[in-house]
Amino acid sequence: MKYIDEFRDPDLARALLGRIERRSRQPVRLMEFCGGHTHAILRYGLRTLLPDHVDLRSGPGCPVCVTANADLDRAIALAHVPGLILTTFGDMIRVPGSAHTLQDAKAAGADVRMVYSTLDALKVARVNPDRQVVFLGVGFETTAPTVAAAIAQAEAQGLENFSVLSLHKLTPPATRAILDAGEVQLQGIIGPGHVTTIIGADAWQFLPQDYGVPLAVAGFEPLDILRAVADLVDMIEEGRPGISNSYARSVSPEGNPTALSIMDQVFEVVPAEWRGLGTVPGSGLAIRPEYARFDAGRRFEVDPGPTREHRGCRCGDVLRGTVTPPQCPLFGKACTPARPIGPCMVSAEGACAAFYQFGRDPL
Amino acid sequence: MSDEVILLAHGSGGKLSHDLVERLFLRHFDNPTLLQLDDAAVLPMPGMSGPAHQPPRAGQPANPRLAFTTDSYVVSPLFFPGGDIGKLAVCGTVNDLSMSGARPLWLSAGFIIEEGLPLADLERIVASMASTAEEAGVQIVAGDTKVVDRGSADRLFINTAGVGVVAPDVEMSGDRGRAGDVVLISGTIGDHGMTIMTQREGLQFDSPLVSDCAALNGMVARLLAAVPAGSIHCLRDPTRGGLATTLNELAARSGVGIEVEEMAVPVRDAVRGSCELLGLDPFYVANEGKLVALVAPQAASAALTALRAHPLGGEANVIGQVTADHPGRVVLRTALGARRVLDMLVGEQLPRIC
């Protein structure tokens, strides 16, 4: 199939694996920032094909996973506001907050609806003019522009029953936070392909400049990822950290100016709480005061009750790359995709879900 | 379990559905026939002796047995490319009977109708059931109708039950897979589920998606006739939860491992493309006109030829092997040559599709 098979070609994959094998002398630890990469790596079995001394760690790039319990509780409390319709992406529905999930709220009578895009949420608002429709907005620079566009559209159309609970986050500050913490020694980073399509490869220049760590932007096909690993190995072996872009069919140096501009029009940068990272300065997107009436946080006052963390759950450590999912004592025992305790076991981008589904030892 | 409630995921055909069946239904409806957990119950004919779920003892004449099954259909939309809820309700029950090796004979149909359903829609669906039943060679011989208040059901739900006869020399069950068996699929996967999904999402593709909804009894009859008695060990139609879930069920029930070649599993481009777009995996997407067979190795080539000779089986293929290694686990060899676990579906991947 065109545009898919070319990027899954077994012969080209073997050639790249051979190049990595030949070039890589020292043990390296690389972090794939993005949960989509973690899934692709495990789904295609790349971990088992790479040399043992190339260690891949998952990062915080799963929007559902990094959402703090306090924020989840707030969303669940919102869902219970009488007459309100809460719309969100599929994964969010199953993620446990302090005590419950949106799925529980739905089974208990709340009107929670899964949508594929924010524009679908606008449609729900349009066909239910007598009800309040809230979109629970999670995501990074990839989803934030579409949510900003929906808010701008709602304003243009005078849609008064639509609002957004913005839990959007920015990826470069989180990467900085992980490197600043210095808990896990990383020699290179596989850059998030979709995020970088928006923000541009140049937005990562601080990594080689300030930290001496190379970054290779990658798409989500096996060859994209192998090429990024090969580029990182080359830069590490040559001692010349820089930015490589194996996803040039989508990513440019400067990014997508239209998306960046609508994002900036609707959102302002604020500190945000990340699961595992705590409060990271300049890493969140809040709705600007000019659009305050579309801000569900301002429109509805809810009491989510006290926040509790899940006992024994190491999602926070997994998101920082300090442990791999199987090192969590709950992994595959108390915590499984059927009965998840932490969000990393729920989300389609969660590292624990990926390891559980694809990464367990076949024998 | 006291404060738990039923979630949509309990009906997805994945792990939660299994938990519900094992921890609740089997606990209350405990009997050896149900415990077989096959698509249809196989029962002794009245007046004939011997437990139905065991093969006849050597030297004793074997008897034909009854196969009995039921299924409910709640698909939305009611009409979709390749079928409608009525066709699905007939094919689904015919297929459940066929997977026990039975020749399906009689069906019942129960209709739960929401107030306000256009009569023309109902008639179109009933006519479709009649023609599907005729083509499949079964008769709808009993029925029931209930109308409920608006909002108490989504337009139309249909339940069908079916009865068929299993020939004396046919012995198939989900627990009869053996190391060395060859795994066959009768055609492309994911067509039904992606058709429903893209209808709901309003997505369109250059090569349109069409449900594979079809009665498989004709194909099963040809398959059984083409190989020596007893060489088809298991038959399943991979509906909810898709091929991955069916293979996991067979591996668990038979206490064997299954190795699958990713590249050997046929998937239509439109299905692959729509799956890529929606972030789904065709291995977990429902089929309504496909069968998976575990076949003794010496009969595999004849079985494949028989499947391919049938109009519904042109793209049939050998997709893997049963092994004594890793019992209960399905392992996929990926296109790149890596091996990884192919697990059961967890939670709900798709909205109501059958």
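Cut-off values and rules
Residues numbered from 1 in each chain as written. Chains lettered and ligands numbered in written order. Predicted model: local features only at pLDDT ≥ 70, side-chain atom pairs only at ≥ 80, totals over all residues. Heavy atoms only, no water. Helix = DSSP H or I, 4+ residues; strand = E, 2+ residues; numbered from the N terminus. Rg over C-alpha atoms; globule rule 2.2 N^0.38 Å. Buried < 20%, exposed > 50% of the residue type's maximum accessible area, 1.4 Å probe, protein only. Contact = heavy atoms within 4.5 Å. Areas by Shrake-Rupley, 256 points an atom, 1.4 Å probe, with all protein chains shown as cover. Salt bridge = Lys/Arg side-chain N within 4 Å of Asp/Glu carboxyl O. Pairing = 2+ DSSP bridges. Axes fitted to C-alpha atoms, helices over the stretch in contact; angles between N-to-C directions. Parallel < 35°, antiparallel > 145°, perpendicular 65-115°, else oblique. Left-handed = near helix turned anticlockwise from the far one by under 90°. Buried area = accessible area lost by both parts, 1.4 Å probe. 1 Å grid on protein atoms, 1.4 Å probe; cavity = no way out; pocket = protein on both sides within 12 Å on 5 of 7 lines; lining within 4 Å. Points joined across faces, edges and corners; volume = space filled by probe spheres on them. Nonpolar A, V, L, I, M, F, W, Y, C, P; charged D, E, K, R; others polar. Polar contact = N/O pair within 3.5 Å; in protein donor to acceptor, adjacent residues only side chain to side chain. Domains from an automatic or database assignment. Core = buried A, V, L, I, M, F, W, Y, C linked by side-chain atoms within 4.5 Å.

Caption draft 1: A look at the overall build of chain B. Scanning chain B for helices and strands turns up nine helices and 14 strands. Expected size for 354 residues packed as a compact globule is a radius of gyration near 20 Å; at 20 Å, chain B falls within 12% of this value. Considering only C-alpha atoms, chain B reaches an extent of 60 × 55 × 50 Å along its principal axes. For chain B, with 354 residues in total, the buried portion stands at 53%. Here the analysis covers contacts within chain B between residues at least 6 apart in sequence; of these, 83% occur between residues at least 24 apart. Per element, the accessible surface of chain B, about 14800 Å² overall, is 54% carbon and sulfur.

Caption draft 2: Representation of the pattern of salt bridges within the structure. Residues and elements named next belong to chain B. Summed over all chains, the structure comprises 39 salt bridges over all chains. For glutamate 171, the salt bridge goes to arginine 65, with nearest N and O atoms at 2.9 Å. With glutamate 171 in the loop between strand 7 (156-166) and strand 8 (182-185) and arginine 65 in strand 2 (residues 65-73), this residue pair connects regions lying 106 residues apart in the sequence. Neither glutamate 171 nor arginine 65 differs from the other in exposure class; each is buried. Residue lysine 146 pairs with aspartate 144 through a salt bridge whose shortest N-O separation is 3.0 Å.

Caption draft 3: Main features of the sheet that holds strand 6 (residues 162-166) of chain A. All names here are of chain A. One open sheet holds the four strands; their spatial order is 4-3-5-6, and the pairing between them is parallel. Two strands bound the open sheet, and with one partner strand each, they are strand 4 (111-114) and strand 6. Between one strand and the next, the sheet's axes are offset by a mean angle of 25°, whatever the strand orientation. As defined by bridge partners, strand 3 (residues 85-88) adjoins strand 4 across four bridges and the pair is classed as parallel. Counted as the bridge partner of threonine 87 is arginine 113 from strand 4. Of the strands in this sheet, strand 5 (133-137) and strand 6 touch helix 8 (residues 144-156), which is tilted by about 155° from strand 6.

Caption draft 4: A look at the packing of helix 8 of chain A against helix 13 (residues 257-266) of chain A. Residue and element names in this part refer to chain A. The geometry of helix 8 relative to helix 13 is characterised by a closest axis approach of 8 Å and an angle of 60° between their N-to-C directions. Considering the angle they form, helix 8 stands oblique to helix 13. In this structure, the crossing between helix 8 and helix 13 has a hand that is left-handed. Facing helix 8, whose interface residues are Ala144, Pro145, Ala148, Ala149, Ile151 and Ala152, helix 13 presents Ala259, Ile262, Met263, Gln265 and Val266.

Caption draft 5: Structural detail: the interface of chain B and chain A. Counting from both sides, the interface comprises 34 residues of chain B and, opposite them, 32 residues of chain A. Contact between chain B and chain A buries roughly 2900 Å² in total, counting both sides, with carbon and sulfur atoms accounting for 55%. If you sort the residues of chain B by the area they bury against chain A, Arg272(B), Leu336(B) and Arg340(B) come out on top, with a joint share of 23%. Across the contact surface, chain B and chain A share four salt bridges. The partner of Arg8(A) in a salt bridge is Glu276(B), with the nearest N and O atoms 2.7 Å apart. Where the side of chain B that touches chain A is concerned, the elements lending two or more residues are helix 1 (15-28), helix 5 (191-201), helix 8 (269-278) and strand 14 (339-341) of chain B. If you tally residues by element for the side of chain B that touches chain A, the top one is helix 8 of chain B, at five residues.

Caption draft 6: Spatial organisation of the environment of Gly177(B). Residue placement: Gly177(B) occurs in the loop between strand 7 and strand 8. Along the chain, Gly177(B) and Asp281(B) lie 104 residues apart, while their C-alpha atoms are 25 Å from each other.

Caption draft 7: Representation of empty space enclosed by the protein. One pass over the structure, following the stated rule, counts four cavities of 30 Å³ or more. By volume, the largest cavity amounts to about 70 Å³. Taken together, Cys313(A), Arg314(A), Cys315(A), Val318(A), Cys328(A), Leu330(A), Phe331(A), Cys335(A), Ile341(A), Gly342(A), Met345(A) and Cys352(A) form the lining of the largest cavity. When grouped by side-chain class, the residues that make up the lining of the largest cavity number ten nonpolar, one polar and one charged. Estimates place the volume of the second largest cavity at around 60 Å³. For the second largest cavity, the full set of lining residues is Asp38(B), Asp39(B), Ala40(B), Met99(B), Ser100(B), Met172(B), Ser173(B), Gly174(B), Leu235(B) and Arg236(B). Looking at side-chain class alone, the lining of the second largest cavity contains four nonpolar, three polar and three charged residues.

Caption draft 8: Representation of the environment of Thr69(B) within the structure. All names here are of chain B. With respect to the secondary-structure elements, threonine 69 resides in strand 2. Given a relative accessible area of 8%, threonine 69 falls into the buried group. Between the C-alpha atoms of threonine 69 and glycine 164, which are 95 residues apart in sequence, the distance is 9.0 Å. When residues no more than four places from it in sequence are discounted, the contact partners of threonine 69 are Asp39, Ala40, Thr93, Asp96, Leu97, Thr160, Ala161 and Gly162. Here the side chain of threonine 69 touches aspartate 39 through a polar contact of 2.7 Å, landing on its backbone oxygen.

Caption draft 9: A look at the pairing of strand 12 (residues 317-323) of chain B. Residue and element names in this part refer to chain B. By the bridge criterion, four bridges tie strand 8 to strand 12 in an arrangement that is antiparallel. Counted as the bridge partner of leucine 184 is valine 318 from strand 12. Sheet topology note: the strand 10 (residues 257-261)/strand 12 ladder contains four bridges and is antiparallel. By the bridge assignment for strand 12, glutamate 259 is matched with glutamine 321.

Caption draft 10: Spatial organisation of the domain arrangement of chain B. All names here are of chain B. Domain parsing of chain B yields domain 1 (65-166) and domain 2 (182-341). The C-alpha centroid of domain 2 is placed 24 Å from the C-alpha centroid of domain 1. Taken together, the contact pairs 17 residues of domain 1 with 20 residues of domain 2. Buried surface at the junction of domain 1 and domain 2, summed over both partners, amounts to about 1600 Å²; 65% is from carbon and sulfur atoms.

Caption draft 11: Quick peek at the side chain of Ser17(B). Mapped onto the secondary structure, Ser17(B) falls in helix 1. Those residues in contact with Ser17(B) that lie beyond four places of it in its chain are Ala9(B), His10(B), Gly11(B) and Ser12(B).

Caption draft 12: Summary view of the sheet that holds strand 10 of chain B. All names here are of chain B. Read from one edge to the other, the open sheet built from seven strands follows the order 9-11-8-12-10-13-14, with strand pairing classed as mixed. Each of the sheet's edge strands pairs with one partner strand only, and the pair in question is strand 9 (232-236) and strand 14. When strand polarity is set aside, the average angle formed by the axes of neighbouring strands in this sheet is 25°. Sheet contacts for helix 9 (residues 300-309): strand 8, strand 9, strand 11 (292-295) and strand 12; angle to strand 8, the most-contacted strand, approximately 0°.

Caption draft 13: Fine view of the nonpolar core. All names here are of chain A. Core analysis: the biggest nonpolar cluster contains 97 residues, and Ile151, Phe162 and Phe267 have the highest contact counts within it. The greatest single-element share of this core, amounting to seven residues, is contributed by helix 8. When residues of this core are assigned to domains, at least three fall in each of domain 1 (5-62 + 173-245) and domain 2 (65-170 + 255-299). In contact with phenylalanine 162, other than residues within four places in its own chain, are Thr118, Ala121, Leu122, Ala125, Val133, Phe135, Ala150, Ile151, Ala154, Arg293, Phe294 and Arg299.

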